[in-house]
Amino acid sequence: MLKKLTDRIFYLPGEDITGRDRPFLYYVRGDRKSLAVDAGNSPAHVEEFYGALRAAGLRLPDLTVVTHWHWDHSFGLSAAAGLTAASAAANEKLRRAAAWRWDPASIEKRLETGEDIEACAACIRREYGGPEAIRVIPAEMELAGELTVDLGGVSCQILRRDSPHSRDGLFVYIPEEKALAVGDGESGDYYDNGGQYDPKRLRAFIQFLSGLDYRWALGGHGEPWEKPEELALLKDRLKEAEHGQVVL
Ligand SMILES: [Zn+2]
Ligand SMILES: [Zn+2]
């Protein structure tokens with residue numbers, strides 16, 4: 001069921017990691033064009049999103065921006081309407097993942113080498129009936145820098161930044177709606193850092209967020225929340241990461 005955040009921003013809530021690990025998918029409605037944030041984790045997820053858009057009388061997105069390469073945000077790319085975009089770094093990862101084999105031995109090997117992580121493998125098993133249905137493709141457009149898209153009455157600034165979560169992040173800033181789509185940028189790094197925060201990366205991320213004027217943070221795995229709460233939590237996490245102490 002599609003939810004409305006502002007006159008121009010809608011979203012399909014996700015499903016957590018005990019289920020199929022579907023991220024929240026966002027939609028920005030312009031007068032002429034529309035933009036989606038994240039492609040979802042499978043063609044079935046895309047279809048659920050598009051069904052909800054149709055039911056709300058909204059057209060399908062003209063552009064889908066993938067916030068980072070992780071499977072739950074990108075494996076739906078093959079079913080996306082319109083053009084798709086990702087950072088060049090995310091596309092490099094996706095090209096590699098496109099060559100992955102999905103038989104049990106290959107999956108096991110990727111877990112051993114750390115190329116993939118168990119939490120994802122379990123959710124992928126729940127999302128897809130059979131692994132042979134998985135089709136990974138890179139996005140059609142690659143961004144190395146910034147891009148502003150005028151959708152008519154509302155614009156999206158697509159910003160390239162590393163985050164504490166992954167090194168290939170794209171962020172979608174919607175100034176007219178005072179909103180920022182952050183993907184999973186607010187979490188630690190499960191691939192390179194055991195799910196922990198790297199203080200340096202987190203500090204740079206807090207600085208990046210502080211410099212943008214927005215009210216709504218649109219996260220990959222939670223309801224939209226407000227910037228003061230978001231920053232307060234991230235600053236607590238930074239203290240923990242710097243001093244190894246738990247801040248409650
Ligand atoms: Zn992620
Ligand atoms: Zn995610």
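What counts and how
- Residues numbered from 1 in each chain as written.
- Chains lettered and ligands numbered in written order.
- Predicted model: local features only at pLDDT ≥ 70, side-chain atom pairs only at ≥ 80, totals over all residues.
- Helix = DSSP H or I, 4+ residues; strand = E, 2+ residues; numbered from the N terminus.
- Buried ≥ 20, exposed ≤ 12 C-beta atoms within 10 Å, placed from the backbone.
- Contact = placed C-beta atoms within 7 Å.
- Core = buried A, V, L, I, M, F, W, Y, C linked by C-beta atoms within 7 Å.
- Pairing = 2+ DSSP bridges.
- Right-handed = clockwise from strand over helix to strand, strands pointing away.
- Axes fitted to C-alpha atoms, helices over the stretch in contact; angles between N-to-C directions.

### What to know about the overall build of the chain
No. 1: Secondary structure summary: the chain contains 7 helices and 13 strands in total.
No. 2: Along the three orthogonal principal directions, the C-alpha set of the chain runs to about 50 × 45 × 30 Å.
No. 3: Every one of the 248 residues in the chain was classed for burial, and the buried ones make up 41%.
No. 4: By sequence separation, contacts in the chain at least 24 residues apart represent 61% of the contacts at least 6 residues apart.

### Overview of the nonpolar core
No. 1: In this structure, Tyr26, Val28, Val65 and Val172 are the most contacted members of the largest nonpolar core, which totals 51 residues.
No. 2: If you tally residues by element for this core, the top one is strand β10 (residues 170-174), at 5 residues.
No. 3: Apart from the residues lying within four places of it in its own chain, the contact partners of valine 172 are Val37, Val65, Cys156, Ile158 and Ala181.
No. 4: Formed by 6 residues, the second largest nonpolar core is a distinct cluster that contains Tyr197, Leu202, Phe205 and Ala241.

### A look at the sheet that holds strand β13 (residues 225-226)
No. 1: Strand order in the open sheet formed by 6 strands is β8-β9-β10-β11-β12-β13, with mixed pairing between adjacent strands. Single-partner strands in this sheet number two, and they are β8 (147-150) and β13.
No. 2: In this sheet, β13 lies alongside strand β12 (residues 216-219) in antiparallel orientation, the contact comprising 2 bridges. Paired with tryptophan 216 across the bridge in β13 is glutamate 226.

### As for the pairing of β12
No. 1: Note: strand β11 (residues 179-183) against β12, 4 bridges, orientation parallel. Paired with alanine 179 across the bridge in β12 is tryptophan 216.
No. 2: Crossover handedness for the path β11 to helix α6 (residues 199-210) to β12: right-handed.
No. 3: Connecting the antiparallel pair β12 and β13 is a turn made up of 5 residues.

### Re the sheet that holds strand β4 (residues 34-37)
No. 1: Pairing is mixed in the open sheet, where 7 strands are placed in the order β1-β2-β3-β4-β5-β6-β7. The two strands at the open ends of the sheet, each matched to only one other strand, are β1 (3-4) and β7 (141-143).
No. 2: Examined bridge by bridge, strand β2 (residues 9-12) and strand β3 (residues 25-29) share 4 bridges and lie antiparallel to one another. Each bridged residue has a counterpart across the sheet, and for isoleucine 9 the counterpart in β3 is valine 28.
No. 3: Most of the contacts of helix α3 (residues 88-98) go to strand β6 (residues 83-87), to which it runs at about 100°, and overall it touches β6 and β7.

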